[in-house]
Amino acid sequence: MSEETNNTVNVWIDGNTYEATPGENLLQAVLDQKLDLPYFCWHPSLGSVGACRQCAVMVYADEEDERGRLTMACMTPVTEGLRVSVEAAHAAEFRESVIEWLMENHPHDCPVCEEGGECHLQDMTVMTGHSARRYRGNKRTFNNQYLGPFINHEMNRCITCYRCVRYYRDYAGGTDLQAFGSRARMYFGREQDGVLENPFAGNLVEVCPTGVFTDKPFSSSYTRKWDLRSAPGICMGCSVGCNTFPAERYGRLKRITNRYHGEINGYFLCDRGRFGSGFVNEETRIRHPGRRAEDGVFEMVAVDESLQEISSLLSAGGVLGIGSPRASLESNFALRELVGVDNFSCGLGAGEARATLRTLEVYDAGAGQIASLSDVEQADAVLVLGEDVLNTAPRAALSIRQAVRNEALQMAEDAGIPTWQAAGVKDHAQGHKNPLFLVTNLPTGLDDISRGCLQGDSHRIAAIGHTIAHGIDERFPDGGIDDALIEDVVNTLTSAERPLIVSGTSQESAAIVEAAGHITAALSACDKAPSLLLSGMEVNSYGAALLGGCDVDVALGRAAEGKVKTLVVLENDLFRRAEPALVEQALEAIENLIVIDVIDGATADRADWVMPAASFAESTGTFVNYETRAQRSYEVFLPADEIRPAWEWLAAFGRMKWETVDDVSAAIAGLPQFAAVSEVAPSADYRTTAHMKVPRQPHRASGRTAMTADVSVHEPKTAIDEDTPLSFSMEGYNRNQPGGLVPYVWSPGWNSNQSVFKFQQEVAGPLTGGDPGVRLVEPAGKNTDPVYDVQPVQSEAAGIRLFPAFSVFASDELAVRSPAVRERAGYASVVLSAADAEVLGVSSGDGVRCDVLDVALEVEIEDGVSQGCAYVKWGGEGVNRRLPADSVELRHDPGYQKPVPTVIARG
Amino acid sequence: MSVELKPLTGRIDDVGGLVSLEAYREAGGYEAARRALTEMTPGEVQEIVKEANLRGRGGAGFPTGVKWSFVPDVEGRKYLVCNGDEMEPGTFKDRYLLEYDPHLLVEGMLIASYAIGADQAYVFLRGEYHEPYRQLDAAIRAAREAGLLGDGIFGTSYALSLDIHRSGGRYICGEETALLNALEGKRANPRTKPPFPPASGAWGRPTIVNNIETLCNVPGILSHGAEWYQDLGIGEDSGTKLYGVSGRVNNPGLWELPIGTTIREIIEVHAGGMMEGYRLRGILPGGASTDFLVEEHLDLPMDYGSIQAAGSRMGTGTMILMDDSVCPVGISLNLQHFFAQESCGFCTPCREGLPWLEQVLADIEAGRGEPGDLELLDKNAAFIGAPGNTFCLHATGAIEPLQSALKYFREDFEEHLATGRCKYRDVMPVQESAG
Amino acid sequence: MSEVEFIEVLSNEEIDLIEEAASHVPDRPSAAIEALQIVQEKRGWISDQSIGAIARLLGMSAAELDSIATFYNLIFRQPVGRHVVMVCDSVSCYVMGCDNLRVAVEDSIGVKPGETTADDRFTLLPIVCLGACDRAPAMMIDDQLFGPVKADDLPGILEQFE
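J.: Sorry if this is basic, but what is going on with the overall build of chain C here?
T.: Looking only at helices and strands, one finds 8 helices and 4 strands in chain C. Taken from the N to the C terminus, the helices and strands of chain C come in the order α-α-α-α-α-β-α-α-β-β-β-α. Principal axes of the C-alpha set define a box for chain C whose edges measure 50 × 35 × 25 Å. When contacts within chain C are restricted to residue pairs at least 6 apart in sequence, those whose partners lie at least 24 apart make up 55%.

Shown next as structure tokens:
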């Protein structure tokens, strides 16, 4: 934040001189040097509050001063010549005392605690040397609360560091987790039992320094951290591409934790990402090649036979391949190679493909800088155009929240308050916010921090966008919307230093993206430095779009015309992509449908051949996020049964010569738009220090023989990974590697996730080996001229048009199959305009039925919805049909009964 | 005339009870405010208070005029907040002023608000003070009706709104930044400094927090001048001070005396000396959070510097006497119970350390002490009590009486440990620990 | 419970008083403590329902308000009797024998600190220094202060509170 961050000062710590940033807090400066200093309440993203008093050091006035003064490092700004001792006996004894105080009431239940082995409190206890207990009083006890399907609550373990509420309330904007009571009876929880509402609540698991908040699905099939095998993963939940540590034991994906990325997710994930990978462990996953027999039932087929038969089907010609935005670049590319670019579809529906290609065009125009999430957090004014970010790219919404808080940091800086002084900043700023404007279909989860909201359908949203662009610079065409708020938006954006425009493809509207592009160009033309975040719908929407090929509607059209004999569908449920009637027509017209997928679905149900594809946790691949950043996600464990990475099946169908992921990547990099892919990840022969591979298991992993002792006492041979520089075992060296190759964080004395600072260049800075990923679109020039025309508003079709409303828990095809996420997804409902509700004779809470859906929907009524539009919120059963759907009929369902929610708040 | 010698309580003496608005004005009340608002600039008011060397009467003793001068010259709202959260055990001085002469505070606040440019002032009043609330509320209403509050006071363009916030309880609210959080309707955890309240206090705006007694000194200073005020004090300090004595004396009570009057005079002359059969063993000179003094200190003047030099603090100036029937371990346990219970729960040493001290003291008092307990108390007290080791000074205040008790009455602690019993027990039942 | 019902928990008088209090502070949540006091004045204590209703009225979450309510010892989150007896246990009163007074009160009304008599007449609570140290040992019943209180005085004092 500070203007002077480029300067450095010299700080003397225990006899050595170090360079540090003036004004930063001393704790952070000590950790920047990779020195050990215990702490609890400080967090790099939450700043300092001075609650735990754990990071005490001695500070000396000058060289003469031998006595020094005990000082809390986290509350002390670094100045030139600061003289500090971490090791001084007085400070060390005080730190030991702090632990002794904290441990008075701690239950010492480490053997049965989920945090054990990766507990920051354990680490700090050992680090300070406290061991023998002297407190003779009784321990306090608390009742725990039911907090929903994601998080356990065990208050007796609490050491009252206040991190949970500071994260949940101040950082994530939640209001239902609070600090209660006072003195030595502090309680952190909800007002009463119930689900923690905030969709970023899962981070409490990592923010809590001990075992108060733990991962509930994980604890139901628990493994110690030291027995987990993990690898650098990419979250499959949306287009943000958050970095994760998926972790496995016994062939089951046990949990997802945050993998620090300095430019994307930082320290935090959303709950869709953290808890939405349960599908990997689904019992009903496709596990063997299968063929539909005469009676319509699938039969298992041996791998060789399936390959032979499919190869012969393919060699008969008339083949069309449909790729997928949720499959890796490698798998999509393999399909493209198999069928030829002319017979390849990128797997995006027509609307989504149009919008996604337009985002690439807007990015490429270069008027705005493509915003990483760390860029988002620097913005001083934000306009969201058309995107319900919290539900379509959740982690980005958390960053927008931080952008809005920047005003407080600015005010603090003006008042001479260090920006890391979290409580001082908050007390001083009193809720002053940077401006955020939202133009969306429906009210969103960011409305609480917005300065103004406008609602409308996608046509109106685009028109509002164009009106704003025109307001900024008259050269741009006018959308013709008259609303007082628009002037405020224009004035705010043009007076901001770092305005951010957020939009995306969820409306399947190229017009909205065009408007966003025009606003950016207009701002750029008036010498602003706007940045731009255009979210896609899925983890690899951008990769798929960049691969080219036609959209799904075109592909299906061709099939429906009888031009296709064999259709190969890669990790894609066509019924979610295109009008069901069109899909039906196409499937009727073809002879063979070959589906390669991780999970079953409506399309797989219709297939003649089904091939089991590896999930992200069982395969290595490259994914392109909304920034066009290509990132490598690594296989955590070998897939069971006959599951293989999809690209391997496709390579086998086509008898292609690729043996490793590197081979496929090298081929992809041959395409000009993907040239940078060769820099995304080191090749399989990369070795770290001492010519070692990077181990997926930590050095303390145990039980290699014990794990299978019920079968054989002999140690099983460790699998060899030929695809990547990672080993499947504990052998190797987890240091000094490129940032994208960190499979877990662990450092001597630091068993918890707090050890991440040992893997960073400086605290909260880039990873030591660089933040992973390479952007594929790096605009060469900067076009600030108008490019697009305002699209005339199409005349509305008769009847009601049904649109999707997005939901962090219900909308993602894979995540909603995880039991915990499904529990949070609720039940299906529809948002209507008051006028339509009146016509239908329904009011809030009533049920309606729709001719094109087979679920009942509960009615919600919203003022901002225009007549003729209705928005469906999918529930835990997931997406029922592709939307939008035109001219649907809704009718009152008098027999509707609100489904009993799966989550019942106890107490 | 008594007002000139006893600017805080003289009017009450003269009237012989509650001073009404009429009586207050008859005695020259609100004339100081009129002069300040109509004839002086805010800067001049600050200057005279600075010159008078008025120091904060809440305990810290910071020069009031200097504090006022920290308010930056910025546009927008500024606040004056009167700290009426009289919760320091042993202290009952502000209650007296409010119950009998509430207009003195209203006038003091009017002048102080004008001096710092505040247009909104609050009295933060402790919740248990029902009668003081009734009197102050009535006084504010009367002043409002008389045009002494509100818009255009004394025909000037100056406007002041004065409201009372009744506290929901908790000793920590007396800490000025915790008080601001409470005033804002939040949990009363003390705040980080910086920002300091004069720069950014209530609702993030410049705010001055002054004690009731401090503000009640302001009208007198404006009426009679800085020099008069300086001359009222005996030693270095200026003005009079409300001194109080509680404990086994013949005449417990409260007196306005020149600041710097000796402890001996206060106890022996004004409080009538110890009750027959009781010997003075210890003095908490300025409330529960000050170090014990003992007999050898009786001739010290009760002023900021002298008491500090003797290793304690004048604090609120209302002293609690421990006589020879009181167990030093028991009183220490009582004090630590209080401070542990009143911890806001924010920082570790205070929240977890004080209950441990309480638990060890309870063991010692009950004859369950163990060898090493005194060293444990010493070590923990040193770590918990050193200013800066905890977030605010609550724990420092808790440790002051404990460390001094361990120093002056150590033989009592040792005897408990050696004999496994409390010899005072026949005199006074043992307080059970809330543990 | 729906939002509308939440508001209905409060009487019009309570709502008016809370609105009046909110008009004296810059934002509505700042009136939280006053609002709690207003409702407690009428009802004796603050129920979960009251928390929900007040929070809604002030535009905050129930958890936020309860976080505040549970900090302050004079906000009662559990039912109390018709009269609250508070016996000072701070240092001046300790010196003057407050433990004896407390025991005498316990014996008189038959409950321990933190408890309420079976007939809901009295709740006994410990309280910190009441600022009546020259009248130690002191106690307070509702808004009336008594001191110095000797055990013999108790029946006469207690009978004033039915």
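J.: What is the right way to read the overall build of chain B from this model?
T.: When its secondary structure is counted, chain B shows 19 helices and 8 strands. Its C-alpha atoms give chain B a radius of gyration of 22 Å, near enough to 22 Å, the size a compact globule of 435 residues would have. In terms of principal-axis extent, the alpha carbons of chain B reach across some 75 × 45 × 35 Å. When the 435 residues of chain B are sorted by exposure, 63% land in the buried category.

J.: What is the right way to look at the domain arrangement of chain B in this model?
T.: Size of an interface, as often reported, equals the accessible area lost when the parts are brought together. Residues and elements named next belong to chain B. The assigned domain composition of chain B is domain 1 (2-232), domain 2 (240-323) and domain 3 (328-419). Computed over C-alpha atoms, the centres of domain 2 and domain 3 are 23 Å apart. Residue-level contacts link 9 residues of domain 2 with 11 residues of domain 3. The class makeup of the residues in the side of domain 2 that touches domain 3 is 5 nonpolar, 3 polar and 1 charged.

J.: Even after reading the chapter, I still don't get the nonpolar core, so can you show me in this structure?
T.: Soluble globular proteins: nonpolar side chains tend toward being buried together. Ranked by size, the top nonpolar core spans 473 residues in total, and within it Val57(A), Ile400(A), Leu105(B) and Ile111(B) carry the most contacts. Setting aside residues up to four positions removed in sequence, Val57(A) forms contacts with Leu26(A), Leu37(A), Thr71(A), Ala73(A), Val84(A), Ser85(A), Val86(A) and Ala91(A).

J.: Before we go on, may I ask you to explain the sheet that holds strand β17 (residues 344-345) of chain A in this structure?
T.: Backbone-to-backbone hydrogen bonds join strands into a sheet, with any given pair of strands oriented parallel or antiparallel. Residues and elements named next belong to chain A. Taken in spatial order, the 7 strands of this open sheet run β15-β14-β26-β25-β24-β16-β17, and their pairing is mixed. Every other strand in the sheet has two partners, leaving β15 (298-300) and β17 as the edge strands with one partner each. The sheet contact formed by strand β14 (residues 290-292) and β15 spans 3 bridges and is antiparallel. Its bridge partner lying in β15, Arg292 is registered against Phe298. In this fold helix α9 (residues 329-339) packs onto β16 (319-322), β17 and β24 (566-570), with an angle of close to 165 degrees to the strand it touches most, β16.

J.: Could you clarify how one ought to interpret the domain arrangement of chain C in this entry?
T.: The domain boundaries assigned to chain C delineate domain 1 (3-69) and domain 2 (83-158). In this structure, domain 1 of chain C and domain 2 of chain C have C-alpha centres spaced 30 Å apart.

J.: What is the right way to look at the interface of chain B and chain A in this model?
T.: The interface of chain B with chain A comprises 32 residues on the first partner and 34 residues on the second. Elements with a minimum of two residues in the side of chain B that touches chain A: α15 (328-342), α16 (348-365) and α17 (373-385) of chain B. Considering each element in turn, the side of chain B that touches chain A owes the most residues, 9 residues, to α16(B). Its residues assigned to classes, the side of chain B that touches chain A comprises 15 nonpolar, 13 polar and 4 charged.

J.: Could you clarify how one ought to interpret the packing of α9(A) against helix α23 (residues 661-668) of chain A in this entry?
T.: Each pair of packed helices gets described by two things: the angle between the helix axes and the distance between those axes. Residues and elements named next belong to chain A. For the pair α9 and α23, the least separation of the axes is 10 Å and the interaxial angle reads 65 degrees. When the axes of α9 and α23 are compared, the pair comes out roughly perpendicular. Judged by the sense of rotation from one axis to the other, the crossing of α9 with α23 is left-handed. Taking contact as the criterion, the partners of Leu329, Glu330, Phe333 and Ala334 in α9 are, on α23, Val661, Val664, Ser665, Ala667 and Ile668. A breakdown of the residues in the contact of α9 with α23 according to their chemical character gives 7 nonpolar, 1 polar and 1 charged.

J.: Which parts of the structure should I look at to understand the pairing of strand β22 (residues 499-504) of chain A?
T.: A regular strand carries its side chains on alternate faces of the sheet. All names here are of chain A. Most of β22 sits inside the fold, with 6 of its 6 residues counted as buried. Residue alternation in β22 divides its side chains into two sets, Pro499, Ile501 and Ser503 and Leu500, Val502 and Gly504, and both sets are buried. Where strand β19 (residues 381-385) and β22 come together, 4 bridges link them in parallel fashion. Bridge pairing in β22 places Ala381 opposite Pro499. Two strands pair when backbone bridges link them, and β22 and strand β23 (residues 531-535) are joined in this way by 5 bridges, in the parallel orientation. Looking at the pairing, Gly504 lines up with Ser535 of β23. Chirality of the crossover, the property in question, places the unit of β22, helix α17 (residues 510-525) and β23 among those that are right-handed.

J.: When you look at the confidence of the model for chain C in this model, what are you seeing that I'm missing?
T.: Parts of the model with low pLDDT should not have their predicted coordinates read in detail. Residues and elements named next belong to chain C. Mean pLDDT for chain C: 94, with 95% of residues reaching 70 or above. Per-residue pLDDT, averaged within each element of chain C, yields its smallest value for helix α1 (residues 3-8) (54) and its largest for helix α5 (residues 62-69) (98). As a predicted assembly, this complex carries a pTM of 0.96 together with an ipTM value of 0.96.

J.: What am I meant to see in helix α4 (residues 31-39) of chain B here?
T.: Count 3.6 residues to each turn of an α-helix, and residues three or four apart come out pointing the same way. Residue and element names in this part refer to chain B. Turning to α4, its buried residues are Ala32, Ala33, Ala36 and Leu37. Down the axis, α4 shows its buried residues gathered within 120 degrees of arc, on one side only. Of the exposed residues in α4, those oriented more than 90 degrees away from the buried face are Thr38 and Glu39. The elements touched by buried residues of α4 are α5 (42-52), α8 (102-116) and α11 (212-224).

J.: Teacher, can you tell me more about the environment of Ser220(A) here?
T.: Residue and element names in this part refer to chain A. Within the element layout of this structure, Ser220 appears in helix α6 (residues 216-220). Judged by C-beta crowding, with 11 C-beta atoms within 10 Å, Ser220 ranks as exposed. Sequence spacing of Ser220 and Lys254 is 34 residues, and the spatial spacing of their C-alpha atoms is 9.5 Å.

J.: I tried to follow the interface of chain C and chain B on my own but got confused; where do I start?
T.: In this complex, chain C contributes 35 residues to the contact, which on the side of chain B involves 43 residues. Elements supplying a minimum of two residues to the side of chain C that touches chain B: α3 (32-43), α5, α6 (91-95) and α7 (98-109) of chain C. Its residues assigned to classes, the side of chain C that touches chain B comprises 22 nonpolar, 10 polar and 3 charged.

J.: Looking at this structure, how should I read the environment of Tyr424(B)?
T.: Residues and elements named next belong to chain B. Along the chain, the position of Tyr424 falls in the segment after α19 (410-419). Taking the C-alpha atoms as reference, Tyr424 lies 23 Å from Ile399; in sequence the two are 25 residues apart. Once residues within four sequence positions are removed from consideration, Tyr424 is found in contact with Ser325, Val326, Cys327 and Gly330.

Rules used in this analysis
Residues numbered from 1 in each chain as written. Chains lettered and ligands numbered in written order. Predicted model: local features only at pLDDT ≥ 70, side-chain atom pairs only at ≥ 80, totals over all residues. Helix = DSSP H or I, 4+ residues; strand = E, 2+ residues; numbered from the N terminus. Contact = placed C-beta atoms within 7 Å. Rg over C-alpha atoms; globule rule 2.2 N^0.38 Å. Buried ≥ 20, exposed ≤ 12 C-beta atoms within 10 Å, placed from the backbone. Domains from an automatic or database assignment. Nonpolar A, V, L, I, M, F, W, Y, C, P; charged D, E, K, R; others polar. Core = buried A, V, L, I, M, F, W, Y, C linked by C-beta atoms within 7 Å. Pairing = 2+ DSSP bridges. Axes fitted to C-alpha atoms, helices over the stretch in contact; angles between N-to-C directions. Parallel < 35°, antiparallel > 145°, perpendicular 65-115°, else oblique. Left-handed = near helix turned anticlockwise from the far one by under 90°. Right-handed = clockwise from strand over helix to strand, strands pointing away. pLDDT = per-residue confidence, 0-100. Arc of directions from axis to C-beta.

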